[in-house]
Amino acid sequence: MDTMRTTSPRKKPQHPATPSKPARGRVDINTAKKALVLQGGGALGAYQAGVYAGVYEKNKSLDWVAGVSIGAINAALIAGNAPERRVDRLREFWDLVSSGPAQRLTPGWGDRTLFNQWSATSAAFFGVPGFFTPRPGAALLLGGASPVLSYYDTSPLKSTLERLVDFDRINHCDIRFSVGAVNVRNGNSIYFDNTTQRIGPEHIMASGALPPGFAPVTIEGEDYWDGGIVSNTPLQYVLDTHPRTEPLMVLQVDLFSASGAMPRTLAEVTERQKDITYSSRTRLNTDALAANLNLQQAVADLITKLPAALRRDPSVAAVCSQLTHEPIEIVHLIYRDKPYEIESKDYEFSRASVDEHWEAGQRDIGSVLAHPEWLRSASQDNGVTTFDMREPNAPRVRRPMQVPMNGPSNAAAAQADQR
């Protein structure tokens, strides 16, 4: 598991004299806390914006948004604006970063792959409007011996965030806001959270400071890089700090898919390697976190089967209170619709690609929201249920472990995979 340094407060556990069997119940989307978890992925982040636009059409409430890298920028645009302005602000940002001369060309003039490569090359040489510019000066001519820490200057991003994000609103804590970064010196992951500190543009920029493209960001004497270096998703932080006494529904939006075709060229090898690297880490984290929490819940269920005298023991009650939690449901949505993607897709900011990513996000979340029976099919037990939307119209559902009501054998049945 990733090494975490967090400062978010935890609620003091209640220690009942006699632990009772945990309450059963489904997560009600109308009453459960709702969290949006956004992965890093550069230009692919327009997909996340489209997902949020689709969610907003159906359900406008949101309790928590957490992000890493480009996910942190999208999270700031959401948390830092009134609900009725969030989609417009997201659209304004993504239109801005796709407004360069090369980005605004239409793809119809030639091969789409060549068009995307031209757009990405333009971003590499000239930067991206409102985001980053090439670092001036001749220092980079020294190659690895250059006395600078990045190829690009992200001052434009600071100005963009200050214009599009209301940081007073974020710090008012209407919704919880968390972004992940990595301490350059000790290599530990840290989350900047509006429940524990005042958030400014520098915290979002630190979360997206991916080396060697972008320089580390200094905050209170410490230097930080992109949180995706350690973990490309904030899911672990969300589950670790969410109170066990409250049900939670998580929409986890990822930008790299583990599934893909066999590469045929060197460029496709690079793209495939990037997908596997980031998606495997995310899927592994999601499955491991869910399994860990479900094992805790299964142990808590077993404790309720102890003789009454043992269950009344204060130490048993204390252990049970740390193992029991209300139901958690994770809807895992992954961007897969990529007919024209290239190895540099995470810095290919053409307007055509941005619009396609946005539309794919709206379409995918629309498909999920059109099938509420997928969510209603989950187990009635406490624990973590994950809905992995890895295939169109065929979610993989992983349910909590089941503890048999009768008999000591098979105390923790294996999780069921349903397609």
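For the structure, check the block above.
Residues numbered from 1 in each chain as written. Predicted model: local features only at pLDDT ≥ 70, side-chain atom pairs only at ≥ 80, totals over all residues. Heavy atoms only, no water.

Peer 1: Can you lay out the overall build of the protein for me, pointing to particular residues and giving the numbers?
Peer 2: Secondary structure assignment for the protein yields 13 helices and 14 strands. Taking the intrachain contacts of the protein between residues at least 6 apart in sequence as the baseline, contacts between residues at least 24 apart amount to 72%. Accessible area for the protein stands at about 18600 Å²; split by element, carbon and sulfur atoms hold 56% of it. (Helix = DSSP H or I, 4+ residues; strand = E, 2+ residues; numbered from the N terminus. Contact = heavy atoms within 4.5 Å. Areas by Shrake-Rupley, 256 points an atom, 1.4 Å probe, with all protein chains shown as cover.)

Peer 1: Describe the pattern of salt bridges, naming the residues involved and giving the relevant values.
Peer 2: Counted under the stated rule, the structure contains 15 salt bridges. Glu 162 is the partner of Lys 158 in a salt bridge, and the nearest nitrogen-oxygen pair spans 2.6 Å. Residue Lys 158 and its partner Glu 162 are both found in helix H5 (residues 155-164); the two are separated by 4 residues, about one turn of the helix. The class for Glu 162 is partly exposed, based on a relative accessible area of 43%. A salt bridge links Arg 185 to Asp 223; the shortest N-O distance between them is 2.7 Å. One end of the pair, Arg 185, is in the loop between strand E6 (176-183) and strand E7 (189-193); the other, Asp 223, is in strand E9 (residues 222-226), and 38 residues separate them in sequence. The buried category is assigned to Asp 223, whose relative accessible area is 16%. A single salt-bridge network, built from bridges that share partners, covers Arg 91, Asp 95, Arg 351 and Asp 355. (Salt bridge = Lys/Arg side-chain N within 4 Å of Asp/Glu carboxyl O. Buried < 20%, exposed > 50% of the residue type's maximum accessible area, 1.4 Å probe, protein only.)

Peer 1: Kindly report on the nonpolar core, identifying the contributing residues and their values.
Peer 2: If you look at the biggest cluster of nonpolar residues, it comprises 68 residues, and the most contacted ones within it are Trp 94, Phe 131 and Phe 177. Those residues in contact with Phe 177, other than ones at most four positions away along the chain, are Trp 64, Val 65, Ala 72, Ala 75, Ala 76, Ala 79, Ile 170, Phe 192, Asp 193, Asn 194, Ile 199 and Ile 204. (Core = buried A, V, L, I, M, F, W, Y, C linked by side-chain atoms within 4.5 Å.)

Peer 1: If you had to explain the pairing of strand E11 (residues 328-334) to someone new, which residues and values would you point to?
Peer 2: Burial of E11 is extensive: 7 of the 7 residues sit out of reach of the surface. Here E11 shows no split at all, with Ile 328, Ile 330, His 332 and Ile 334 on one side and Glu 329, Val 331 and Leu 333 on the other all buried. Of the strand pairs in this sheet, strand E10 (residues 248-254) and E11 are connected by 7 bridges, and their pairing is parallel. Bridge pairing links Asp 254 to Ile 334 in E11. Where E11 meets strand E12 (residues 384-389), 6 bridges bridge the pair, whose relative direction is parallel. Directly across from His 332, in E12, lies its bridge partner Asp 388. (Pairing = 2+ DSSP bridges.)

Peer 1: Report on the environment of Ser 119, specifying residues and quantitative values.
Peer 2: Secondary-structure assignment places Ser 119 in helix H4 (residues 112-126). Spatially, the C-alpha atom of Ser 119 lies 8.7 Å from that of Tyr 347, the residues being 228 residues apart in sequence. Excluding residues that lie within four positions of it along the chain, Ser 119 makes contacts with Gln 103, Glu 348, Phe 349 and Ser 350. Within the local environment of Ser 119, its side chain forms a polar contact with the side chain of Glu 348, the two groups lying 2.8 Å apart. (Polar contact = N/O pair within 3.5 Å; in protein donor to acceptor, adjacent residues only side chain to side chain.)

Peer 1: So, the packing of aromatic side chains: which residues are in play, and what are the values?
Peer 2: We describe a pair of aromatic rings using the distance from one ring centre to the other and the angle between the two ring planes. One pass over the structure, following the stated rule, counts 14 aromatic pairs. Taking 4.9 Å as the distance between ring centres and 45 degrees as the angle between the ring planes, the aromatic pair formed by Tyr 47 and Tyr 335 counts as tilted. With Tyr 47 in helix H1 (residues 46-58) and Tyr 335 in the loop between E11 and helix H12 (351-369), the pair connects residues that are 288 residues apart, well separated along the chain. For the pair formed by Tyr 47 and Tyr 335, the shared burial category is buried. Taking the centre distance of 5.9 Å and the plane angle of 35 degrees together, the rings of Phe 131 and Phe 214 count as tilted. With a gap of 83 residues between them, Phe 131 in the loop between H4 and strand E4 (133-134) and Phe 214 in the loop between helix H7 (201-207) and strand E8 (217-219) connect regions that are remote in the sequence. (Phe/Tyr/Trp six-rings, centres within 6.5 Å; stacked < 30°, edge-to-face > 60°.)

Peer 1: Give a description of the packing of H4 against H12 that names residues and reports values.
Peer 2: Contact geometry for H4 and H12: axes closest at 10 Å, N-to-C directions at 105 degrees. Between H4 and H12, the angle is such that the two are roughly perpendicular. Of the residues in H12, those in contact with Arg 112, Phe 115 and Asn 116 of H4 are Ala 352, Ser 353 and Glu 356. A per-class count over the contact of H4 with H12 returns 2 nonpolar, 2 polar and 2 charged. (Axes fitted to C-alpha atoms, helices over the stretch in contact; angles between N-to-C directions. Parallel < 35°, antiparallel > 145°, perpendicular 65-115°, else oblique. Nonpolar A, V, L, I, M, F, W, Y, C, P; charged D, E, K, R; others polar.)

Peer 1: Mind laying out H4, listing which residues take part and the relevant values?
Peer 2: Since the α-helix packs 3.6 residues into each turn, any two residues three or four apart lie on the same face. In this model H4 runs 21 Å from its N-terminal to its C-terminal C-alpha over 15 residues, within 8% of the 21 Å that 1.5 Å per residue would give. For H4, the full list of buried residues reads Arg 112, Phe 115, Asn 116, Ser 119, Ala 120, Ser 122 and Ala 123. Summarising the axial view, the buried residues of H4 lie within an arc of 155 degrees, below the 170-degree limit, and thus occupy one face. More than 90 degrees from the buried face of H4, the exposed residues found are Leu 114 and Phe 125. Elements that come into contact with the buried residues of H4 comprise strand E5 (152-153) and H12. The opening residue of H4, the one whose side-chain oxygen lies 3.0 Å from the backbone nitrogen of Thr 113, is Asp 111. (Expected span 1.5 Å × (residues − 1). Arc of directions from axis to C-beta.)

Peer 1: Can you explain helix H11 (residues 314-323)? Please cite residues and give values.
Peer 2: Every buried residue of H11 is accounted for by Val 316, Ala 317, Cys 320, Ser 321 and Leu 323. End-on view of H11: buried residues confined to an arc of 160 degrees, all on one side of the axis.

Peer 1: Explain the environment of Asn 232 to me, and be specific about the residues and the numbers.
Peer 2: By the element assignment, Asn 232 lies in the loop between E9 and helix H8 (235-241). A relative accessible area of 4% means that Asn 232 is categorised as buried. For the pair Asn 232 and Ser 279, spaced 47 residues apart in the sequence, the C-alpha separation amounts to 8.8 Å. Within polar-contact distance, the side chain of Asn 232 engages the backbone oxygen of Gly 40 at 3.2 Å.

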